[in-house]
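So the chains spell out like this:
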Amino acid sequence: MPELPEVETMRRGVEPIVGATIERFELLPCPRKPISVTPGLALFRRRVEGARIERTGRAGKRVVLWLDRGDAIIFEPRMTGLLLLDEPPDPIYNRVRFHLRGKRGGAKQLTYWDRRGLGLIRLLHPAEYEAAYGLDTLGPDALLMTAELYRERLGNSQRAVKVGLLDQKAVAGIGNLYASEILHLAGVGPERTCRSLKPKQWEAIAAAALEVLETAIRYEGSTLSDGTYRNALSQSGGYQNEHRVYAKAGNPCPRCVSVTIERIVQAQRSTFYCPKCQK
């Protein structure tokens, strides 16, 4: 599933369409499970056609396009969704296309592609957006988190810290892959309860989160073995080559070298860690 680095890469990748006008919105034929478009197709089309894209944004693991009419288009890629300015990996999974005009030499279209069809596209008024993605429902963005915020939002929880980091109401954007990477860099055991962590460990987690996420963004995210994730120009990310522990069970720990990475299951998700470095 695309996490903060992949979605931030998508957001940055579609920046060239800012200033363009949506000339036409098209639902593309796809023989697979249809994606969810809200509100209904006819109303969605009426509200976006003729609108100008003013800026891009991100709400956790979602890309947001803000229109001059005040509405926001939210793309939630879920497992396999992509926003593309270039040709898709396989056109059979193209879902919708925004035909654009008004920028000389700029992108002429934006395509949402989704192999499994689990993604969502929503069009919301500002008040609806705030209700759905404001701080009352979605935690602070992981790139803005501090040690104090981590302690405030998770410090009293009895949950394992790895599970706590996945709670989007506590901190927005961290998913399964990057939680394992963050905790390894921080030297914190994934099964430790949030409540048991000391201030220095929260400081280590906050510092590690910024380092891991910002580095992953520079590498334009992680393209895993299934090859699904691509940036807006349909190119693979590069951070998968920098993973410390994710999917590395049985390999030597890159920090201590003397112990192999282990895999456990937490909240029905795989967790990878070093039992020596993350006691």
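To keep things clear, this report deals only with the structure shown in the data block. (Residues numbered from 1 in each chain as written. Predicted model: local features only at pLDDT ≥ 70, side-chain atom pairs only at ≥ 80, totals over all residues. Heavy atoms only, no water.)

Overview of the state of the cysteines
All told, the structure shown has 0 disulfides when counted by the stated rule. With no disulfide of its own, Cys253 has Cys274 as its nearest cysteine by sulfur position, at a separation of 3.6 Å. (Disulfide = S-S within 2.5 Å.)

Looking at the sheet that holds strand E6 (residues 81–84)
What links the strands of a sheet is backbone hydrogen bonding, and the strands pair in either a parallel or an antiparallel sense. Spatial ordering of the open sheet is given by E1-E7-E8-E6, a layout of 4 strands whose pairing is antiparallel. Of all the strands in the sheet, the pair left with one neighbour each is strand E1 (21–27) and E6. Taking the axes of each pair of neighbouring strands and ignoring which way they run, one obtains an average angle of 15° across the sheet. As judged from the 6 bridges shared by E1 and strand E7 (residues 94–101), these two strands associate in the antiparallel manner. (Pairing = 2+ DSSP bridges. Helix = DSSP H or I, 4+ residues; strand = E, 2+ residues; numbered from the N terminus. Axes fitted to C-alpha atoms, helices over the stretch in contact; angles between N-to-C directions.)

So, the packing of helix H1 (residues 4–13) against helix H7 (residues 199–218)
At their nearest, the axes of H1 and H7 sit 9 Å apart, and the two run at 40° to each other. In terms of orientation, H1 lies oblique with respect to H7. Judged by the sense of rotation from one axis to the other, the crossing of H1 with H7 is right-handed. Along its contact with H1, which presents Leu4, Pro5, Glu8, Thr9 and Arg12, the element H7 presents Leu213, Ala216 and Ile217. Class assignment of the residues belonging to the contact of H1 with H7 gives a composition of 5 nonpolar, 1 polar and 2 charged. (Parallel < 35°, antiparallel > 145°, perpendicular 65-115°, else oblique. Left-handed = near helix turned anticlockwise from the far one by under 90°. Contact = heavy atoms within 4.5 Å. Nonpolar A, V, L, I, M, F, W, Y, C, P; charged D, E, K, R; others polar.)

Observations regarding the environment of Cys274
Topologically, Cys274 is positioned in the segment after strand E11 (269–273). Sequence-wise, Cys274 and Glu262 are 12 residues apart; in three dimensions their C-alpha atoms are separated by 6.2 Å. Those residues in contact with Cys274 that lie beyond four places of it in its chain are His184, Cys253, Cys256, Val259 and Ile261.

Thoughts on the packing of aromatic side chains
Summed over the entire model, instances satisfying the criterion amount to 12 aromatic pairs. Plain terms: the ring middles of Phe25 and Phe44 are 4.7 Å apart, the flat faces sit at 40° to each other, and that makes the pair tilted. Taken together, the residues Phe25 in strand E1 and Phe44 in helix H2 (residues 41–48) connect sequence positions 19 residues apart. Since its relative accessible area comes to 1%, Phe25 is described here as buried. Classification of Phe44 as buried rests on a relative accessible area of 0%. Here the aromatic rings of Tyr246 and Phe272 are separated by 5.4 Å at their centres, their planes lie at 75°, and the arrangement is edge-to-face. Residue Tyr246 is located in the loop between H7 and strand E10 (262–266), and its partner Phe272 is located in strand E11; the two are separated by 26 residues in the primary sequence. (Phe/Tyr/Trp six-rings, centres within 6.5 Å; stacked < 30°, edge-to-face > 60°. Buried < 20%, exposed > 50% of the residue type's maximum accessible area, 1.4 Å probe, protein only.)

Notes on helix H4 (residues 147–154)
Since the α-helix turns once every 3.6 residues, residues separated by three or four places project in the same direction. All of the buried residues along H4 are Ala147, Tyr150 and Leu154. Buried residues of H4, viewed axially, fall in a sector of 60°; they line one side. Seen from the buried face of H4, the exposed residues on the opposite side, beyond 90 degrees, are Glu148 and Glu152. At its buried positions, H4 is contacted by helix H5 (161–165) and H7. (Arc of directions from axis to C-beta.)

Thoughts on H2
Those residues of H2 not exposed but buried are Phe44, Arg47 and Val48. End-on, the buried residues of H2 take up no more than an arc of 90°, which puts them together on one face. Among the structural elements, E1, strand E2 (36–38), strand E4 (62–67), strand E5 (72–76), E7 and strand E9 (120–124) are those in contact with the buried residues of H2.

Focus: the side chain of Thr21
Mapped onto the elements, Thr21 comes out in strand E1. Judged by its relative accessible area of 13%, Thr21 is buried. In this structure, Thr21 is in contact with Gly50, Ala51, Arg52, His99, Leu100 and Arg101, ignoring residues within four places of it in sequence.

Description of the sheet that holds E4
With mixed pairing, 5 strands are arranged side by side in an open sheet as E2-E9-E5-E4-E3. The open sheet has two edge strands, E2 and strand E3 (53–59), and neither has a second partner. Mean inter-strand twist for the sheet, computed between neighbouring axes without regard to direction, equals 15°. Judged from the 6 bridges that link them, E3 and E4 form a sheet pairing that is antiparallel. Paired with Ile53 across the bridge in E4 is Leu67. Across the sheet, H2 lies against E2, E4, E5 and E9, angled at about 55° from E9, the strand it touches most. Contacts from helix H3 (residues 126–133) reach E3, E4, E5 and E9 within the one sheet, and its direction differs from that of E9 by about 130°.

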